[in-house]
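Residue-level structural notes
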Amino acid sequence: MNFFRHRYRILIGPPALAVLITVAGCSSADDSASAAVPSPGAKVMKLCQNLDKALPTKLDGLGREDPEPASALTAGWGSPAIILRCGVVRPPKMIDPKVAEGGDPDAVAGGVNGVDWLMEKQDDGAYRFTTANRSAYVEVTVPKGQDSTGVLVDLAPAVKKAVPEGIAG
């Protein structure tokens, strides 16, 4: 059968064509993750640089694949990526009394291997964890459907080594 024998005409109106061009122009040829780079002060920046050096090359069995743009303040593992950002601002739920009292179903405080975390369920089903009681806030986003226990266990030694206990500044 000759596939070139039958020609089909596809008519696309101007609005649909504009959407198609926009989507094609925005699509990426690779699966690289991206992450907004925080902008902390000098003291926190130094802690984050130390954390970057201490981070594991594998996280819960996933290889390290840092997001774009490259920065010592961000790291990533796997695809879809687990993203770590160091030097983020304190999440509002960290001081919400409902969370401390266990009254918020989407935010829970807890600890893993000596590191305290605030866990927040995101609208897309992912979970965001932010360190508490440390001199810098470290945020880790785990995609929907992925177990976060191994992630937090693997990160605990690096966080304890590079980010001392204290109040984030």
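Our structure is the block above this text.
Since this is a predicted model, take the numbers as computed values, not measurements.

Take helix α2 (residues 42-54) next. The end-to-end C-alpha distance of α2 is 19 Å, a good match for the 18 Å that 13 residues give at a rise of 1.5 Å each. Inspection of α2 places V44, L47, C48, L51 and D52 among the buried residues, and these make up the whole buried set. Around the axis of α2, the buried residues are gathered within 145° of arc, so they sit on the same side. The outward face of α2, more than 90 degrees from its buried face, is lined by the exposed residues A42, K43 and K53. Check the buried side of α2 and you find it contacts β3 (74-77), β4 (82-86), β8 (138-142) and α4 (149-162).

Time to look at the sheet that holds β4. Spatially, six strands are ordered β3-β4-β8-β7-β6-β5 in an open sheet, and the strand pairing comes out antiparallel. At either margin of the open sheet sits one strand with a lone partner, and together these are β3 and β5 (107-112). Within this sheet the neighbouring strands show an average axis-to-axis angle of 20°, counted without direction. Pairing analysis gives four bridges linking β4 to β8, with the strands arranged antiparallel. Looking across to β8, one finds that R85 is bridged to E139.

Procedures and definitions
- Residues numbered from 1 in each chain as written.
- Predicted model: local features only at pLDDT ≥ 70, side-chain atom pairs only at ≥ 80, totals over all residues.
- Heavy atoms only, no water.
- Helix = DSSP H or I, 4+ residues; strand = E, 2+ residues; numbered from the N terminus.
- Expected span 1.5 Å × (residues − 1).
- Buried < 20%, exposed > 50% of the residue type's maximum accessible area, 1.4 Å probe, protein only.
- Arc of directions from axis to C-beta.
- Contact = heavy atoms within 4.5 Å.
- Pairing = 2+ DSSP bridges.
- Axes fitted to C-alpha atoms, helices over the stretch in contact; angles between N-to-C directions.

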